[in-house]
Amino acid sequence: MKKQHTFPGIFLIGIGIYFLLQQFNIPIITDFYSWPTILMIIGVAMLLNSYVSNDYEPILPGTILLGLGIHFHGLYTYSFWIDHWGMFPLIVGIAFILRYQKTKQGLFPGLLLVAIALFSIFVSNKPGWFQWINIAVNVVETFWPLLLILIGIYLLFFKKK
């Protein structure tokens with residue numbers, strides 16, 4: 001398999017299977033005909049590409065996309081799914097830990113993010129100083145499009161190579 005064609009090939013196979021199954025309209029998998037499934041397909045394609053081509057940098061974004069796809073699918077499909085901001089640092093932390101297995105980089109941020117996520121999700125009596133994180137998350141949830149615009153402007157006009 002050629003290295004430069006691995007990701008597009010896996011991605012096209014995944015998208016093709018997705019749309020083919022959608023054409024057959026199989027009742028047992030109709031819950032997967034949604035945009036989170038596309039995120040999962042892209043994430044799986046990035047992860048497979050990473051392991052097949054021995055280029056381990058796509059492990060981080062692939063795991064994040066797969067995790068976000070699973071999380072959003074769970075939110076829309078299952079009533080028991082946890083709808084908490086702590087799921088996002090948990091997904092990113094797991095991505096760092098998976099990348100660490102191959103690159104030996106990012107163990108500390110991964111463990112720290114997983115610890116913060118688990119603490120925020122499962123500890124019921126949080127200390128008072130922890131409330132600032134909830135406030136910050138609420139602000140980010142409200143103004144995240146503005147944050148994306150500011151990051152884009154920074155990357156276009158101020159980031160030097």
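These numbers were taken from a predicted model, which means no experiment stands behind them.

Trainee: Explain the nonpolar core here, please?
Mentor: Side chains of nonpolar character tend, in soluble globular proteins, to be buried together. Ranked by size, the top nonpolar core spans 5 residues in total: Met-87, Leu-90, Val-114, Ala-117 and Ile-121. Listing elements by their share of this core, those giving two or more residues are α4 (87-103) and α5 (107-122). Ranked by residue count, the leading element in this core is α5, at 3 residues. Not counting residues up to four positions away in its chain, the partners in contact with Val-114 are Pro-89, Leu-90, Gly-93, Ile-94 and Ile-97.

Trainee: Can you help me understand the UniProt feature "domain: LiaI-LiaF-like transmembrane region" (unreviewed entry) in the protein in this one?
Mentor: The UniProt record annotates "domain: LiaI-LiaF-like transmembrane region" (unreviewed entry) at residues 7-47. In this annotation, residues 7-47 is assigned 76% helix and 0% strand; the end-to-end C-alpha distance for the span is 9 Å.

Trainee: Would you mind going over unusual backbone geometry with me for this structure?
Mentor: Across residues other than glycine, the phi torsion is negative in most instances, and most of the peptide bonds are trans. Of note in this structure, Asn-54 is not a glycine but carries a positive phi near 55 degrees. Summarising the element assignment, Asn-54 is placed in the loop between α2 (35-53) and α3 (59-77). Of the residues examined, Asn-54 reaches a relative accessible area of 53% and is grouped as exposed. Located in the positive-phi region is Lys-104, a residue other than glycine, with phi close to 60 degrees. Locating Lys-104 in the fold gives a position in the loop between α4 and α5.

Conventions adopted
- Residues numbered from 1 in each chain as written.
- Predicted model: local features only at pLDDT ≥ 70, side-chain atom pairs only at ≥ 80, totals over all residues.
- Heavy atoms only, no water.
- Core = buried A, V, L, I, M, F, W, Y, C linked by side-chain atoms within 4.5 Å.
- Buried < 20%, exposed > 50% of the residue type's maximum accessible area, 1.4 Å probe, protein only.
- Helix = DSSP H or I, 4+ residues; strand = E, 2+ residues; numbered from the N terminus.
- Contact = heavy atoms within 4.5 Å.
- UniProt positions renumbered as here; feature names shortened; annotations may be inferred.

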